[in-house]
Amino acid sequence: MHYAPPKWLPGGHLQTIFPATCVAKPAVTYRRERWHTPDNDFIDVDFVDGKPGRPFIVLFHGLEGSSDSHYARSLMAHAASLGWSGAVPHFRGCSGELNHAPRFYHSGDAAEVDWIVRRLKAERNRHPPSRFYAAGVSLGGNTLLRWLGESQHRADIVDAACAVSAPLDLAGGGAALSKGFNLVYTRAFLQTLKPKCLRKLAQFPDLFDRDRMLGARTLYEFDNVVTAPLHGFRDTDDYWHRASAKHVLQDITVRTLVLNAKNDPFLPPQHLPQIASRHVTLDYPEQGGHVGFAAPGAASGRLNWLPRKIIAFLDAA
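A brief structural summary. (Residues numbered from 1 in each chain as written. Predicted model: local features only at pLDDT ≥ 70, side-chain atom pairs only at ≥ 80, totals over all residues. Heavy atoms only, no water.)

Observations regarding helix α10 (residues 305-316)
Argument step 1. Taking 1.5 Å of rise per residue, twelve residues should cover 16 Å, and α10 covers 16 Å from first to last C-alpha, within 8% of that figure.
Argument step 2. Within α10, burial applies to W305, L306, P307, K309, I310, I311, F313 and L314.
Argument step 3. Considering only its buried residues, α10 is in contact with β3 (56-60), α2 (70-81), β5 (132-137), β6 (160-164), β7 (256-259) and β8 (280-283). (Helix = DSSP H or I, 4+ residues; strand = E, 2+ residues; numbered from the N terminus. Expected span 1.5 Å × (residues − 1). Buried < 20%, exposed > 50% of the residue type's maximum accessible area, 1.4 Å probe, protein only. Contact = heavy atoms within 4.5 Å.)

Pasting the structure below:
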């Protein structure tokens, strides 16, 4: 499927912002389960229940996303229309309630993805779907790719996978988000991350430096104070290097689509990897923005191109 944006929606910024803020999200009926984690924390997982024996898809959301994000609602609504079942696990602290442990989530959290996917797979085995698929968007896409690459054949429990707008080179993407108009996106992320951090400090008063966290103006500064030390990294540079999915693309053994628009403001095209495993399809359309891909149609646009693209690839794989 070739992507061509509506003629009235030029440029990466408009193609990113408009679908996320101006297009009506489809209705989805979710069923929520709370899972207790091995480290005595919890995550919330939102399910869509389809027809028995049809495919199942798990979607990992992006930074500060949720099952209500436009891409999650559009994919799960399309899957449900086909009779598929699905799940959107929330990374810790993203389901509307702060998690209990002295940690959040991060771009390279392959262990968390492994635990979630294996539990979903085991529970589905009671009434096996015809296929079991995994998808990830933005941060969730990078995390999914890290799991696929680190696990190699142990990830063969999924039949195929798809990562959309993943920050494959975290340092390149972080640098892009620290300047110019892109600071709009950074400020939007920090507006939700900082209040969470204040609530986390109420749980664990000495977890990190409150003033430095509040003073962070870029994701580099924020990750240096919060994300990196909380999750076992030396600093931001260490975190961004070790967590970038570009390092493991050649190790993936599951049929996987990597979809990134070249005009994605979050990751300039010079940072898009050109080499991957033979099992990986690198699809870099000229346009689409960051998790945008609004489809032509109604005057307000539609969100159905991306879910159709994802499911068409998974079905073919």
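Let's talk about the sheet that holds strand β2 (residues 42-48)
Argument step 1. Pairing in this open sheet of eight strands is mixed, and the strands run β1-β2-β4-β3-β5-β6-β7-β8 from one edge to the other. The open sheet has two edge strands, β1 (31-36) and β8, and neither has a second partner. If you compare each strand with its neighbour and ignore which way they point, the axes differ by 20° on average.
Argument step 2. Bridge count for β5 against β6 is five bridges, and the pairing is parallel. In the sheet register, V137 faces β6, and the bridge partner there is V164.
Argument step 3. Across the sheet, helix α3 (residues 110-124) lies against β1, β2, β3, β4 (85-89) and β5, angled at about 120° from β1, the strand it touches most.
Argument step 4. In the packing of helix α4 (residues 139-151) onto the sheet, the strands contacted are β3, β5, β6 and β7, and the crossing angle to β5 comes to about 130°. (Pairing = 2+ DSSP bridges. Axes fitted to C-alpha atoms, helices over the stretch in contact; angles between N-to-C directions.)

Describing the nonpolar core
Argument step 1. Counting 57 residues, the largest nonpolar core has L120, L145, W147, L148, L168 and V226 as the members making the most contacts within it.
Argument step 2. Breaking this core down by element, the ones donating at least two residues are β2, β3, α3, β5, α4, β6, α6 (183-203) and α8 (219-230).
Argument step 3. If you look at the next biggest cluster of nonpolar residues, it comprises 34 residues, including A72, V88, L303 and L314. (Core = buried A, V, L, I, M, F, W, Y, C linked by side-chain atoms within 4.5 Å.)

Concerning the pattern of salt bridges
Argument step 1. Under the defined criterion, the tally for this structure stands at 23 salt bridges.
Argument step 2. In this structure, the salt-bridge partner of R119 is E123, at a minimum N-O distance of 3.0 Å. Linking R119 with E123, this pair stays in helix α3, spanning four residues, or about one helical turn.
Argument step 3. A relative accessible area of 28% places R119 in the partly exposed class. (Salt bridge = Lys/Arg side-chain N within 4 Å of Asp/Glu carboxyl O.)

Regarding the layout of surface pockets
Argument step 1. Of the pockets and cavities examined, the largest pocket occupies roughly 620 Å³.
Argument step 2. Around the largest pocket, the lining is made up of 22 residues, and of these A20, L63, H70, F189 and F266 lie nearest the centre.
Argument step 3. Elements with a contribution of two residues or more to the lining of the largest pocket: α1 (12-21), α2 and α6.
Argument step 4. In terms of residues, the lining of the largest pocket owes the most to one element, α6, which gives five residues.
Argument step 5. For the lining of the largest pocket, the per-class residue count stands at eleven nonpolar, nine polar and two charged.
Argument step 6. The computed volume of the second largest pocket comes to approximately 250 Å³.
Argument step 7. Along its surface, the second largest pocket is lined by 16 residues, and D49, F56, S85, R124 and H127 are the ones closest to its centre.
Argument step 8. Of all the elements in the fold, those that place two or more residues in the lining of the second largest pocket are β2 and α3. (1 Å grid on protein atoms, 1.4 Å probe; cavity = no way out; pocket = protein on both sides within 12 Å on 5 of 7 lines; lining within 4 Å. Points joined across faces, edges and corners; volume = space filled by probe spheres on them. Nonpolar A, V, L, I, M, F, W, Y, C, P; charged D, E, K, R; others polar.)

Concerning unusual backbone geometry
Argument step 1. In this structure, N40 takes a positive phi of about 65° despite not being glycine.
Argument step 2. By the secondary structure assignment, N40 is in the loop between β1 and β2.
Argument step 3. Residue class for N40 comes out exposed when judged on its relative accessible area of 68%.
Argument step 4. For S138, which is not glycine, the phi torsion reads 55° and is therefore positive.
Argument step 5. Within the secondary structure layout, S138 lies in the loop between β5 and α4.

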